[in-house]
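A closer look at the structure
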Amino acid sequence: MRDGVFSDRRALVTGGSSGIGRALALALARAGAHVAIVARREDALQETAAALRAAAPECRVAYAVADVADPGQAERAVAECVAALGGLDLLVNNAGAALALRFEDTPPDAYRRLLDVNFLGVVHMTRAALPHLGAGASVLNVSSLAGALAVFGYAAYAPSKFALTAFSEVLRQELRPRGISVSVLLPPDTDTPQLVEENRAKPPETRALAGTGPVPSPPLGADAALPGLAPGRGWVVPGWRARVVLWAARHLPGLVRWSMDRDIARARRGAG
């Protein structure tokens, strides 16, 4: 269904070939936006582009193969997508990488890799896209609930997402006078290929902190993000459970630490 808010808007979504990025691209196309997606694998981009065309035949669809951690590739991808769409109104920085290991088990180069993708990749894409964004444009940065609440096992991942969350707030303040809104999406664990890969080595303590409730699907993040994109809300948190956790972390930090320490201790006893 076309939505007046997004009709004929031109959107670029990084990490748009799978997971939350794919769901966001499809939601934008169905709402009437013209969509370009960026990712590293051309086969996945082609498959998603075909799905976008099938979902919204009247919308323009484009893609560019790029690693956003490389500033040159990011700049080229933005130039290609802007040329294909005829401009840019929405930038969704969704590309990211995850890793769940204890600090002692985390390779030193993992810290640089996650910062390069999760934080600097957003910096590179935003820097390249900003000259094309005018008043009324929007930027959505996809962080993580772990970008506002540090969690056992995320020694490399959480700092990269905390950096992205802080960068998003700085960007919101700086771009607001220019009429450009900036939002940050803080999703919990979501049923994506990235989560499957992350779970292969995830410590039992991290699993315990994630809980045993249902894992939301990528469309939940997309459904939460689109209303946040339109009015430019600062923080967008999908799902009531994630909102409760974040509220408690901000207003009852001592209770949250006690609860997390208790769950970690239980997980260790169970594993041992």
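Whatever comes next refers back to the structure up there.
Keep in mind the model is a prediction, meaning the values are calculated, not measured. For every chain, the first residue of the written sequence is number 1, and numbering continues from 1 onward in sequence order. At least 70 in pLDDT is required for a residue's local features to be given in this predicted model, at least 80 for side-chain atom pairs to be given and counted, and no such filter applies to totals for whole chains, interfaces and linings, which use all residues. Processing note: side-chain calculations cover all non-hydrogen atoms of the structure and skip hydrogens and water entirely.

Focus on the sheet that holds strand 1 (residues 10–14)
Two strands are said to pair when DSSP picks up at least two bridges between them. A run of H or I in DSSP becomes a helix once it reaches four residues, and a run of E becomes a strand once it reaches two; helices and strands are each numbered from the N terminus. As summarised here, the arrangement of the seven strands in space is 3-2-1-4-5-6-7, forming an open sheet in which the pairing is parallel. Only two strands of the sheet have a single partner each, and these edge strands are strand 3 (61–65) and strand 7 (235–236). Examined bridge by bridge, strand 4 (residues 90–93) and strand 5 (residues 138–142) share four bridges and lie parallel to one another. The residue of strand 5 that forms the bridge with leucine 90 is serine 138. In what follows, a contact means two residues having at least one pair of non-hydrogen atoms within 4.5 Å. Orientation is described by axes fitted as lines to C-alpha atoms, over the contacting stretch for helices, and by angles from 0 to 180 degrees between their N-to-C directions. Against the sheet, helix 2 (residues 42–55) contacts strand 2 (34–39) and strand 3, and its axis sits at roughly 170 degrees relative to strand 3. Across the sheet, helix 3 (residues 71–85) is in contact with strand 1, strand 2 and strand 3; its angle to strand 2 comes to roughly 160 degrees.

Thoughts on the nonpolar core
Only buried residues count toward a nonpolar core, which is a set of Ala, Val, Leu, Ile, Met, Phe, Trp, Tyr and Cys residues joined through side-chain atoms within 4.5 Å. Burial classification: accessible surface area is computed with a 1.4 Å probe over protein chains only, and a residue below 20% of its type maximum counts as buried, one above 50% as exposed, and the rest as partly exposed. Formed by 34 residues in total, the largest nonpolar core has its most connected members in Phe6, Leu24, Leu28, Val35, Leu52 and Val92. Mapped onto this core, the elements with two or more residues apiece are strand 1, helix 1 (19–30), strand 2, helix 2, strand 4, strand 5 and helix 8 (218–229). The biggest single contributor to this core is helix 1, with eight residues. Among all residues touching leucine 24, those that are not within four sequence positions of it are Val92, Leu140, Val142, Ala222, Ala225 and Leu226.

Some details on unusual backbone geometry
For aspartate 8, which is not glycine, the phi torsion reads 65 degrees and is therefore positive. Here aspartate 8 is to be found in the segment before strand 1. On the accessibility criterion, aspartate 8 (48% relative accessible area) is partly exposed.

Comments concerning the pattern of salt bridges
A pairing counts as a salt bridge when a side-chain nitrogen of Lys or Arg comes within 4 Å of a carboxyl oxygen of Asp or Glu. As enumerated under the stated definition, the model contains nine salt bridges in all. The salt bridge involving glutamate 47 is made with arginine 22; its shortest N-O contact spans 2.6 Å. With glutamate 47 in helix 2 and arginine 22 in helix 1, the pair connects residues that are 25 residues apart, well separated along the chain. The exposure class assigned to glutamate 47 is partly exposed, which follows from its relative accessible area of 43%. Across the pair arginine 41 and aspartate 43 runs a salt bridge, and its minimum N-O distance is 3.1 Å. Residue class for aspartate 43 comes out partly exposed when judged on its relative accessible area of 45%. Each of the salt bridges in this network shares a partner with another, and the network as a whole consists of Arg102, Glu205 and Arg268.

A few points about the state of the cysteines
Cysteine sulfur atoms are paired as a disulfide whenever they fall within 2.5 Å. Evaluation of the coordinates by the stated rule reveals zero disulfides. There is no disulfide at cysteine 59, and the cysteine sulfur nearest it, in cysteine 81, is 15 Å away. A relative accessible area of 2% means that cysteine 81 is categorised as buried.

Brief notes about the side chain of asparagine 118
Turning to its location among the elements, asparagine 118 is positioned in helix 4 (residues 108–129). Exposure remark for asparagine 118: the relative accessible area of 0% places this residue in the buried category. Residues adjacent in sequence count toward polar contacts only when both atoms are side-chain atoms; beyond that, a polar contact is any pair of N or O atoms within 3.5 Å, and within protein one must be able to donate a hydrogen and the other to accept it. A polar contact of 2.7 Å, which involves the side chain of asparagine 118, links it to the backbone nitrogen of alanine 97. If we skip the residues at most four places from it in the chain, asparagine 118 touches Gly96, Ala97, Tyr157, Ser160, Lys161 and Leu164.

Topic: the packing of aromatic side chains
The rule is short: rings of Phe, Tyr and Trp, with Trp giving its six-membered ring, pair when the centres are within 6.5 Å, and they are stacked under 30 degrees, edge-to-face over 60, tilted in between. Evaluation of the coordinates by the stated rule reveals two aromatic pairs. Centroid distance phenylalanine 119 to phenylalanine 167: 5.9 Å. Interplanar angle 75 degrees. Geometry classified as edge-to-face. Here the residue phenylalanine 119 occupies a position in helix 4, and phenylalanine 167 occupies one in helix 5 (residues 157–175), the gap between them amounting to 48 residues. Only when the NZ atom of a Lys or the CZ atom of an Arg is both within 6 Å of the ring centre and within 35 degrees of the ring normal do we say a charge sits over the ring. A cation sits over an aromatic face here: arginine 250 above tryptophan 235, 5.0 Å from the ring centre.

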